[in-house]
Every structure is written in C-alpha cells, then in structure tokens.
Amino acid sequence: MSTRAESYLVGLIGDGVMPSLTPPMHERAAKVHGLHYLYRPIDLTELNLPASDIGELLQAGAKLGFNAFNVTHPCKQLVLDHLDDIAPMAKAIGAVNTVVIEDGKFIGHNTDASGFARGLEEGLPNAKKGKVLQLGAGGAGAAVAYALLASGTLELHIVDLDEQRVTHRVQELRKNFPQASIHAATPAQVSQLLSEVDGLLNATPIGMHHHPGLPLDITALEPRHWVADCIYRPVDTELIVAARNLGCQVLDGGYMAVGQAVDAFEIITGIRPETHQVREHLLELLEKGL
C-alpha cells in the first residue's frame, strides 16, 4: 500500500483504452475523499506504440512524477519483466494490472482476481460455488479462475478454443490449488458439464459491444444455475439477460469492474472507497452511454 501523497498522477496503459471508464471512476472516488487525483489513459493504439514498450513507458512515467499505473491488454504479462517486486497473488496468476511506484521502484499487483472475488461475495453471497464451468482461459480467465478457486470452488472446468492455452492455464492453477479438481474441456462438452455444475462464468469477449452474441448454447441452463460475466460494456450482456429471464442468479461484469477499481484505488492511495458508491457511478456512466 502506498504512502499518502499530496496529489496523485495515475495512468492506464493498454490498447484502445481511451473509452475506458476506469479514469472517471478513480477520479470520482478521489473527489469524494478530498484527494487531488488526475488519471489519464495512455493508449498504445493512439500513440502507435508496441506493447513491448511497456518498460520504457513505466520508466518515463516515473521520471514525470506518476504515482501508479493500471495496465491492461496486451501488457499484463509483458510488464512482469520490468518490475522490482510482485505481490504474491499477482505472481501466482502470472499477470499484473496495477503498478505502484515507490521510492523509484515498480511494484506489481493484480486486482482482477481480488476485484472479481469481492464482486462474487457481494453479488452472489449465497450461491453454491463448489462446481463451476468457466468459458475462456485468457488474461481475465486466469484471474477469475484463481479467484474462484481461492473462494472455495473445488471442481473447475475451463473451456477455451485454444487447446494449448487452456492446458497451460490448468497446469498453472493446479500448482496453486492442489486440493481442487481442475480440468480443461472442449466446447462439445459444455452441455454435459452444465448438468453437473453449480454455476457458469464467462471470461470470453463474446457479449461485448464489438463481439455481440452468446458465448454458448443456453438450452442446458437451468434456474438452479448462477451465471456470471466479466464484461461490463454492456453491463447487461445477452448472456446475463437470458440467464436472468430463466430465473438464474446473475452477476454482471460491473461487479468485477468496480472491484478492480476499488482495490487498485486502495493500493495507490491507502483509502478504500465505498463499493456501492463506485458501482452507482459506473452504472450512471454506462447509462449516459460513455
């Protein structure tokens, strides 16, 4: 956790981050707590910079007085080689999305996992989480799988179109959670697995504005299932709407987005914003179409 500063300069590094709602969420939280806090997106696409420049950007940011950076796709793993220290959870996941600069040193954290875990606890407090089917084994998938297993899931099936990626993800998770039963699965197995699990988690991009649709055939979904999504734009994805209409308990991606922001803000400033206030602000921004 960072030492309190007189003011904060924070950046978000990644591809296509100009429309991100993370900057206004952080700035509103800072205003509530009377902090001077400026948060700016650093869009690799707009700047025509490769993701491999992440180390140089961190060094430049330190020289310019930045206190911290959030890091998103495609830099969450590339940044690892440019850090002086990595928090245990981030090291276990193999990805960093928050970097604080303290005494000239870069310290990495992962609030994807902790943010999802907090959202799960708040939005689905009584849901059975023993057996879960997860779609997607990418960057977000790695973090939410870790969060599920850390929250008590004992049987996790992960489906991904990239067989090599899902196999690697399962192997890494087994190292950290030897007590759990973790398996790679194929799309053809989804219907059968749904009959055996308590919940479904979507960690694929299917359902985003630019990738509309459903990530699976929902005919095997039952009202007893809970359904969670990592996508928050739109907050009501086709999957969330369909599951809600079936009578399932649902957890929209806004919970994870808010959890990420709240945890990162606390790491950077030492102050924890009220989660419900940050969520209200996020939903307000989404309603305005920002």
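Cut-off values and rules
- In this convention, every chain numbers its residues from 1, walking through the sequence in written order.
- Local features in this predicted model are restricted to residues whose pLDDT is 70 or higher, and side-chain atom pairs enter the listing and the counts only when it is 80 or higher, whereas totals over whole chains, interfaces and linings include all residues.
- Just so you know, side-chain values use all the structure's heavy atoms and leave hydrogens and water out.
- Throughout this description, the term salt bridge denotes a Lys or Arg side-chain nitrogen within 4 Å of a carboxyl oxygen of Asp or Glu.
- Helix and strand definitions follow DSSP, with helices as H or I runs of at least four residues and strands as E runs of at least two, each counted in order from the N terminus.
- Relative accessibility thresholds used throughout: buried, under 20% of the residue-type maximum; exposed, over 50%; partly exposed, between the two (1.4 Å probe, protein chains only).
- Put simply, two rings from Phe, Tyr or Trp (the six-membered ring, in Trp's case) pair if the centres are within 6.5 Å, and we call them stacked under 30 degrees between planes, edge-to-face over 60, tilted for the rest.
- Charge-over-ring placement is defined geometrically: NZ (Lys) or CZ (Arg) within 6 Å of the ring centre, and within 35 degrees of the ring normal.
- Should DSSP find at least two bridges between two strands, the strands are taken to pair.
- Think of a polar contact as two N or O atoms within 3.5 Å of one another; within protein, one of them needs to be a possible hydrogen donor and the other a possible acceptor, and neighboring residues in sequence only count if both atoms come from side chains.
- Note on definitions: a residue-residue contact is assigned when non-hydrogen atoms from the two residues lie within 4.5 Å.

Q: Any chance you could explain the pattern of salt bridges here in plain terms?
A: Where charged atoms from two side chains of opposite charge come close, those side chains can pair. The full count for this structure, using the stated rule, is 13 salt bridges. Glu 27 is the salt-bridge partner of Arg 40, the closest N and O atoms lying 3.4 Å from each other. Of the two residues, Arg 40 sits in strand 2 (residues 36-43) while Glu 27 sits in helix 1 (residues 22-32), which places them 13 residues apart along the sequence. Overall, the relative accessible area of 44% leaves Arg 40 in the partly exposed class. Two residues, Arg 165 and Asp 160, come together in a salt bridge whose shortest N-O distance is 3.1 Å. For Arg 165, a relative accessible area of 39% translates into the label partly exposed. Relative accessible area serves as the criterion here: at 10%, Asp 160 is assigned to the buried category. A single network of salt bridges, built from pairs that share partners, joins Arg 118, Asp 263, Glu 266 and Arg 272.

Q: Can you walk me through the packing of aromatic side chains in this structure?
A: Geometrically, a pair of aromatic rings is defined through the distance of the ring centres and the angle of the planes. According to the stated counting rule, one finds four aromatic pairs in the structure shown. Both rings, one in Phe 66 and one in Phe 69, keep their centres 4.8 Å apart while their planes meet at 15°; by these two values the pair is stacked. The exposure class of Phe 69 is buried, given its relative accessible area of 1%. What links up through ring pairs into an aromatic cluster is the set Tyr 8, Tyr 37 and Phe 265. Taking the ring centre of Tyr 255 as reference, the NZ or CZ of Arg 279 above it sits at 3.9 Å.

Q: What am I meant to see in the pairing of strand 10 (residues 199-202) here?
A: Consecutive side chains along a regular strand alternate between the two faces of the sheet. Residues Gly 199 and Leu 201 line one face of strand 10 and the alternating positions Leu 200 and Asn 202 line the opposite face, and both faces are buried. By the bridge criterion, four bridges tie strand 7 (residues 131-135) to strand 10 in an arrangement that is parallel. Counted as the bridge partner of Leu 135 is Asn 202 from strand 10.

Q: It is not clear to me how the side chain of Arg 279 should be interpreted in this structure. Could you clarify?
A: By the element assignment, Arg 279 lies in helix 11 (residues 275-287). Residue classification places Arg 279 among the buried residues on the basis of a relative accessible area of 15%. At 2.8 Å, the side chain of Arg 279 and the side chain of Asp 252 are in polar contact. Setting aside residues up to four positions removed in sequence, Arg 279 forms contacts with Asp 252, Gly 254, Tyr 255 and Val 258.

By themselves, these observations are geometric and do not establish any function.
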